[in-house]
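# Commentary on secondary and tertiary structure
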Amino acid sequence: MAINHTYNALLKLRHVQQTYASGQRRFTAVQDVNLTIYEGEFVALLGPSGCGKSTLLRIITGLQRPSKGTVLYREQPVNGVNPHATIVFQSFALFPWLSVFENVDLALKARGIPSNVRAARTTDLIDRVGLNGFETAYPRELSGGMRQKVGFARAMAVEPELLCLDEPFSALDVLSAESLRSELMELWTGGGIPTKAILMVSHNIEEAVFMADRIVVMDKEPGRIVAEVKVGLQHPRQRKSEAFQKVMDRVYSILAGQTEPETIELGVAPGEQGRTRSLPNVTITDLAGLLEQLSELPENRFDIYRLPHELGVNSDHLLSLTEAAEILGFVYVEKGDITLTSLGETFAEASIQARKEIFAARIRRVPLMRWLMTMLNNSENRALNWDIIYDALESEFPEGDAEKQLDILIDWGRHAELISYNDDKALVYLKTPS
Amino acid sequence: MPKQIDLLPCVPMALGSSLEKNMGLLQNTLPPKKRIKRPFTWGDVIVILLMAVLLYGGARLSFDSPLIIEGPQISLNPFALPWYTLLSVGRMFGAYILSLLFTLTYGRIAAYNRHAESVLMPLLDVLQSVPILSFLPIVLLGLSAILPERVAAELAAVVLIFTSQAWNMTFGWYQSLTTIPRELLEASSIFRLNTWMRFKRLELPFAMIGLIWNSVMSWAGGWFFLMASEIFTVGSKDFRLPGLGAYLQEASNQGNFYCIALGLAALIFTIVALDQFVWRPLLAWSDRFKVEMVESDQPPTSWFYDAVHTSRLFLWIRSVLLKVNEQFDLWIIRRAPMRLYTEVKTSKRNWKIGIFYSLTGGLLLYGGYRAVLMLVLIPSTQWAQIGIGAFATFLRVSLSLVIALLWTIPVGVAIGTNRRVAAILQPIVQVTAAVPATAIFPIILLIFIDVTGGLNIAAVFLMLMGTQWYLLFNIIAGASAIPQDLKNTTSILQLSRWETWRTLILPALFPFIITGAITASGGAWNASIVAEYVNFGGQTLFATGIGSLISQATAKGDYPLLLASTLSMILAVILINRLFWRRLYKLADEKYRMG
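Numbering of residues begins from 1 in every chain and follows the order in which that chain's sequence is written. Going through the entries in the order they are written, you letter the chains from A and number the ligands from 1. Two thresholds apply to this predicted model, a pLDDT of at least 70 for residue-level local features and 80 or more for giving and counting side-chain atom pairs, whereas whole-chain, interface and lining totals are computed over all residues. Just so you know, side-chain values use all the structure's heavy atoms and leave hydrogens and water out.

## Side note on the overall build of chain A
- Across its full length, chain A carries 16 helices and 16 strands.
- The C-alpha radius of gyration of chain A comes to 24 Å, within 12% of the 22 Å expected for a compact globule of 434 residues.
- The dimensions of chain A, computed from C-alpha atoms along their principal axes, are 75 × 50 × 45 Å.
- Looking at chain A residue by residue over its 434 residues, the buried ones come to 54%.
- Residue pairs at least 24 apart in sequence account for 68% of intrachain contacts in chain A once pairs closer than 6 positions are excluded.
- Carbon together with sulfur atoms contributes 48% to the accessible area of chain A, which is approximately 18600 Å² in total.
- The charge count includes Lys and Arg as positive and Asp and Glu as negative, but it does not include His or the ends of the chains. Lys charges are placed at NZ, Arg charges at CZ, Asp charges at CG and Glu charges at CD. Averaging the coordinates of the 45 positive side-chain charges in chain A and doing the same for the 57 negative ones gives two points 4 Å apart. Strands are runs of DSSP state E lasting at least two residues, helices are runs of H or I lasting at least four, and both sets are numbered from the N terminus onward. Just to be clear, the radius of gyration here is over C-alpha atoms, and the globule rule we use is 2.2 Å times residues to the power 0.38. Per-residue accessibility, obtained with a 1.4 Å probe over protein chains only, is compared with the maximum for each type, and a residue is labelled buried under 20%, exposed over 50%, and partly exposed between these values. We call two residues in contact when some of their heavy atoms are within 4.5 Å. Throughout, the Shrake-Rupley method with a 1.4 Å probe supplies accessible areas, and for residues the shown protein chains are the sole cover considered.

## Focus on the overall build of chain B
- Each helix and strand in chain B was counted, giving 21 helices and 4 strands.
- When the 595 residues of chain B are sorted by exposure, 54% land in the buried category.
- Residue pairs in contact within chain B that sit at least 24 positions apart in sequence constitute 81% of those at least 6 positions apart.
- Element-wise, carbon and sulfur atoms account for 68% of the exposed surface of chain B, whose accessible area totals about 27200 Å².

## Some thoughts on the interface of chain A and chain B
- Contact with chain A, which involves 53 residues of that partner, is made by 40 residues of chain B.
- The quantity reported as buried area is the accessible area (1.4 Å probe) lost by two parts once they are put together, taken as the sum for both. Contact between chain A and chain B buries roughly 4100 Å² in total, counting both sides, with carbon and sulfur atoms accounting for 57%.
- Any Lys or Arg side-chain nitrogen located within 4 Å of an Asp or Glu carboxyl oxygen qualifies as a salt bridge. Along the contact surface separating chain A from chain B lie 4 salt bridges.
- Residues adjacent in sequence count toward polar contacts only when both atoms are side-chain atoms; beyond that, a polar contact is any pair of N or O atoms within 3.5 Å, and within protein one must be able to donate a hydrogen and the other to accept it. Along the contact surface separating chain A from chain B lie 9 residue pairs in polar contact (both at pLDDT 80 or more).
- Looking at the side of chain A that touches chain B element by element, the count peaks at 5 residues for helix α15 (residues 386–394) of chain A.
- Looking at side-chain class alone, the side of chain A that touches chain B contains 25 nonpolar, 11 polar and 17 charged residues. Polarity classes work like this: nonpolar for Ala, Val, Leu, Ile, Met, Phe, Trp, Tyr, Cys and Pro, charged for Asp, Glu, Lys and Arg, and polar for all others, with Gly in that last group.

## Some remarks on the pattern of salt bridges
- Summed over all chains, the structure comprises 34 salt bridges over all chains.
- For Glu39(A), the salt bridge identified is with Arg74(A), shortest N-O distance 3.0 Å. Pair noted here: Glu39(A) is in the loop between β2 (25–38) and β3 (42–46) and Arg74(A) is in the loop between β4 (68–73) and β5 (76–77), with a separation of 35 residues, a long-range link.
- Glu39(A) sits in the buried class, given a relative accessible area of 12%.
- One salt bridge connects Glu186(B) with Arg58(A), and the closest N-O pair in it is separated by 2.5 Å. Pair noted here: Glu186(B) is in helix α7 (residues 182–190) and Arg58(A) is in helix α1 (residues 53–60), and the two residues belong to different chains.
- We classify Arg58(A) as buried; its relative accessible area is 3%.
- What you see here is one network of salt bridges that share partners, running through Asp105(A), Lys109(A), Arg118(A), Lys200(B), Glu326(B) and Asp329(B).

## Things to note about the domain arrangement of chain A
Residue and element names in this part refer to chain A.
- Note that domain bounds follow an automatic or database assignment of domains. Each assigned domain of chain A is listed here: domain 1 (2–256) and domain 2 (280–362).
- Taking only C-alpha atoms, the centre of domain 1 and the centre of domain 2 are 34 Å apart.
- Taken together, the contact between domain 1 and domain 2 spans 10 residues of the former and 10 residues of the latter.
- Our count for the domain 1 to domain 2 interface comes out at 0 salt bridges.

## Concerning unusual backbone geometry
Residue and element names in this part refer to chain A.
- Following His235, the chain continues to Pro236 via a peptide bond in cis, the omega torsion being -10°.
- Along the polypeptide, Pro236 turns up in the loop between β10 (224–230) and α7 (242–256).
- Not every positive phi belongs to a glycine, and Asn300 is a case in point at roughly 50°.
- As for its placement among the helices and strands, Asn300 is situated in the loop between α9 (284–295) and β11 (301–303).

## Comments concerning the domain arrangement of chain B
Residue and element names in this part refer to chain B.
- Taken as a whole, chain B is organised into domain 1 (18–43 + 85–290 + 379–591) and domain 2 (349–374).
- Each side of the interface is counted separately: domain 1 has 5 residues, and domain 2 has 5 residues.
- When the two sides are added together, the surface that domain 1 and domain 2 hide from each other amounts to roughly 420 Å², 68% of it contributed by carbon and sulfur.
- At the junction of domain 1 and domain 2, the tally comes to 0 salt bridges.
- The tally of links from domain 1 across to domain 2 stands at 0 residue pairs in polar contact (both at pLDDT 80 or more).
- Mapped by element, the contributors of at least two residues to the side of domain 1 that touches domain 2 are α4 (114–129) and α21 (559–591).
- Of the residues in the side of domain 1 that touches domain 2, the class split is 3 nonpolar, 2 polar and no charged.

## Description of the packing of aromatic side chains
- When the centres of two rings from Phe, Tyr and Trp lie within 6.5 Å, Trp using its six-membered ring, the rings pair. Their planes under 30 degrees apart give stacked, over 60 give edge-to-face, and anything left gives tilted. Tallied over the entire structure, the rule returns 31 aromatic pairs over all chains.
- Ring centres of Trp219(B) and Trp279(B) lie 6.0 Å apart, and the angle between their planes is 65°; this geometry places the pair in the edge-to-face category. Highlighted residues: Trp219(B) in helix α8 (residues 195–230) and Trp279(B) in helix α10 (residues 257–286), separated in sequence by 60 residues.
- Aromatic ring contacts, followed pair by pair, group Phe95(A), Trp97(A), Phe206(B), Trp285(B) and Phe289(B) into a single cluster.
- The rule is short: NZ of Lys or CZ of Arg within 6 Å of the ring centre and within 35 degrees of the ring normal puts a charge over the ring. Above the ring of Phe210(A), the side-chain terminus of Arg239(A) is found at 4.0 Å from the ring centroid.

## Quick look at the environment of Glu334(A)
- As for its position among the elements, Glu334(A) is in strand β12 (residues 331–334).
- Between the C-alpha atom of Glu334(A) and that of Asp303(A), which follows or precedes it by 31 residues, the distance is 9.9 Å.

## Focus on empty space enclosed by the protein
Residues and elements named next belong to chain B.
- Detection works on a 1 Å grid of protein atoms alone, calling trapped sets that fit a 1.4 Å probe cavities and calling open sets with protein on both sides within 12 Å along at least five of seven lines pockets, with lining residues defined by an atom within 4 Å of a point. Grid points are joined across faces, edges and corners, and a volume is the space filled by probe spheres set on the points. Enumeration according to the criterion identifies 6 cavities of 30 Å³ or more in this entry.
- A volume near 140 Å³ is recorded for the second largest cavity.
- Lining the second largest cavity are 15 residues, and of these Ile231, Gln249, Val530, Tyr533 and Val534 sit closest to its centre.
- Broken down by secondary-structure element, the contributors of at least two residues to the lining of the second largest cavity are β1 (233–234), α16 (437–448), α19 (497–531) and β3 (533–536).
- When residues in the lining of the second largest cavity are grouped by element, the largest group, 4 residues, is from β3.
- Its residues placed into classes, the lining of the second largest cavity shows 11 nonpolar, 4 polar and no charged.

## A short note on α1(A)
Residue and element names in this part refer to chain A.
- A large share of α1 lies buried, amounting to 7 of its 8 residues.
- Of the residues making up α1, those classed as buried are Lys53, Thr55, Leu56, Leu57, Arg58, Ile59 and Ile60.
- One or two positions beyond α1, positive phi appears at Gly62, with a value near 85°.

## Let's talk about the nonpolar core
- Leu13(A), Leu162(A), Leu199(A), Leu133(B), Trp223(B) and Leu267(B) are the most contacted members of the largest nonpolar core, which has 181 residues in total.
- It is α8(B) that contributes the most residues to this core, 18 residues altogether.
- Beyond its immediate chain neighbours, meaning those up to four positions away, Leu133(B) contacts Leu160(B), Phe224(B), Phe225(B), Ala228(B), Asn526(B), Ile529(B) and Val530(B).
- The next biggest cluster of nonpolar side chains, apart from the first, holds 111 residues, and it includes Val104(A), Ile198(A), Met200(A) and Leu328(A). Throughout, nonpolar core names a set of buried Ala, Val, Leu, Ile, Met, Phe, Trp, Tyr and Cys residues whose side chains join them through atoms within 4.5 Å.

## Re the packing of helix α2 (residues 100–109) of chain A against helix α3 (residues 115–128) of chain A
All names here are of chain A.
- With their axes 9 Å apart at the nearest point, α2 and α3 run at an angle of 125° to one another. In terms of their interaxial angle, α2 and α3 are classed as oblique. α3 is crossed by α2, and the crossing has right-handed handedness. Together, Val100, Phe101, Val104, Asp105, Leu108 and Lys109 of α2 and Arg118, Ala119, Arg121, Thr122, Thr123, Leu125 and Ile126 of α3 make up the contact between the two elements.
- Residue composition of the contact of α2 with α3, grouped by class: 7 nonpolar, 2 polar and 4 charged. Interaxial angles span 0 to 180 degrees and are taken between N-to-C directions of axes, which are lines fitted to C-alpha atoms, for helices over the stretch in contact. Throughout this description, any angle smaller than 35 degrees is read as roughly parallel, any larger than 145 degrees as roughly antiparallel, any in the 65 to 115 degree range as roughly perpendicular, and the remainder as oblique. Handedness of a helix crossing follows the sense of rotation of the near helix relative to the far helix, less than a right angle counterclockwise being left-handed and clockwise being right-handed.

## Comments concerning the sheet that holds strand β13 (residues 337–340) of chain A
Residue and element names in this part refer to chain A.
- Two strands qualify as a pair provided DSSP detects at least 2 bridges between them. In space, the 3 strands of this open sheet follow the order β11-β13-β12, with antiparallel pairing throughout. Each of the sheet's edge strands pairs with one partner strand only, and the pair in question is β11 and β12. Going from strand to strand, the sheet's axes swing by 20° on average, the running direction of each strand aside.

## Some thoughts on the environment of Lys290(B)
- Within the secondary structure, Lys290(B) sits in the loop between α10 and α11 (303–309).
- Put simply, Lys290(B) and Ala207(B) are 83 residues apart on the chain and 9.1 Å apart in space, counted from C-alpha to C-alpha.

Take a look at the structure:
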């Protein structure tokens, strides 16, 4: 409905910031976000996991109050859950003990609507999403796609002005996701629903380009808006068209960014001035797999946005893998292309033992690993209790992340045979003298 | 292979994935994510102090309790049995209602209020590991000082059963509330469910299955304590209550085997009837509340439920109730719509909390000081007695555990891995396990009383009776959970019988054995109160032990000794739990857990 743009602002975020305190340190989940959503607009929030897009959605709907900044709905500050907004959830969030009918009915009942009025409206909504005949079915009897239809019916039941979609298709199989997308677009562009604007959180680039009028791209550490892309294509959109591909390419190159100089790529060690870089959560086996695949491609180079499709992995996982490969200097990302470095090539062709040595040499340079090894080296028996390292890391990372980071460190360190770990005693040892 | 073992609910261990849920009780109280370093925290100290103060208060009150308490006349007339049964069930029911109310409020406060959570959950953890029966004498004496004797005894029984029922239910409810998926909570807010609708449509359904299973466990445990409080008599203080337990005791006292059989039959009938007409229908009904998005292959069934829920009368009642319910819901939705953010005025709250803490702190310190004043009155010889007693009871508890382990491991493995054995033994085991050990204790006494060291044997026997089932059912669950591919691997590797036990069966059973043993050991300590000191057939017998000391102190009216021995027992059990069981439990959880 980009054509019917009325330029009436529905929702405004002004300098919104969300911080979490953990111990003495504060972590910024969302930093200084300014965003306006206009009537008639379909906006997609796109970004890697951990960039705060879901947090933003919760702030927009009033589920969460931002630490700083203001949220205005039709120029009125939002206080509490916004009654004009609703969410379609990633995991559907249906009440498993209520039938399809009761699930939709509950949304109306909670607003105090008497049962005779409710019954007609509920039946109508279930009809409209094509679930008639399934009124008495329980969610567990339905397929994922049908469950999400119930989610949509329930969301529409309260006639929201602002419909928020929290990765609504990511838990579905490819086919049902596709048909649900088209059905939603039909309802939306056909004006069959009183909804004034749609905001969709997504990490699927193609989906965003397919559906949205405007794509707001976010990045992490800290979560912030880095770019806005106007799509400006007519509905229904053709995925194969050149214009579509061009938008995809643009969004992908913004998201993948490009490899920075090594000092920036690596970050600093805990306690030092600057940003402690968290390690992406990938296994070395997967990383080696990526490098091997790249080494078999002509010129050891590939278009990064086509890589998930080519390798059959999801794009989130691939972004993490790419990040790890970048940190270790195995690949180079520029202008939407990923290229294997000569080191990466050597690694891909090396034997198991030689790979370990290359890997060890590379991760010694990672400040976090260097920090851990120095700490181990300076302690008695060159061993430290898991808890002690954990405590030290806790002041560096947001809650929950410290444990994950330590697990990754131990996993990588073990793989490189730099450190070993005894789970019974919860002790981390230094293996080779450094 | 029997995947899910079908048990009578009288046995507190019949959960599908038994380990998860049973361990959940303990696990909840372990600090999250970080590995625990200290077995004790400041919270524990405060809780133990609180308990000392409470006990001191009880002991203080007891000074005014009458020296001689006359018991009721227990009639052995078979026609009195229905009435006695009704009385017993009534006490259980009263205590259960109390437990339910307590659970819903306490668990909800703990789950939604961070400040309260940090106090309430450690408190609950200590409470659940305390040997509840050790409170019985002080509660009885304390209450009989301020209330008429019969009312005091009734109230003490209800309080005692309540304390045996409430904790696991509260833990379960709290655990459910804190594990409601975030998106369901958010959906409730987005769709503006008010507090009542949220409770009715989200919290209660989500917790329902756990709540029912925990209720089943609580009732099973409750019978044990009901029987104990119905037969409690020390010296010239007869605290008995007319009921099934007292009937059985009186019958044993008189050596009337006909009446013993009648009493046992009535007891078993009651338990089986409750199972068939209450718990099984409830479980079958609650299957709809499971959160898993797949159909279960073996949903719980109940013939009674199937018969009733399609009957016309039931449907008519249901439709009427639904109409009333709809009106009520709409009324309450309009009256109390969902609350928006509540503004928290931190400064003011801190101020109030500060006052609350300093008041309770002051009260605790003063109470603790008075308790210490009472404790210093105790001569060192008595302290030595307490030490020796605690050690003797510890030996009995350990012995009963060892005996229980020796027979339950082979039998449990046989039942858990062999369908034919299971088909023969399971019904027998279920009925036997249904009878609360305290109910048969008088009968055991009748048998062993004339043997030398008879009371010692009877005491260990009682502990065994009360503990072995926890172990057996956990081991059955553990054995039936051993994955088939691992069993195949051991046969492909041609491991010897002993090797198979050492490398597969025992490690796989370990978590289940520990879970069972923790509950079992708690039960055995409890049993010592009734087992080590008995009035039987006009004579008083006692063995060396801390349970015996508590009973003797009650009989003599030696309140400082009563306080000291009760406190010592509680401390001993908590110490054993923290230093021994919890470590093993952690080991089991971290290293030997399947999957």
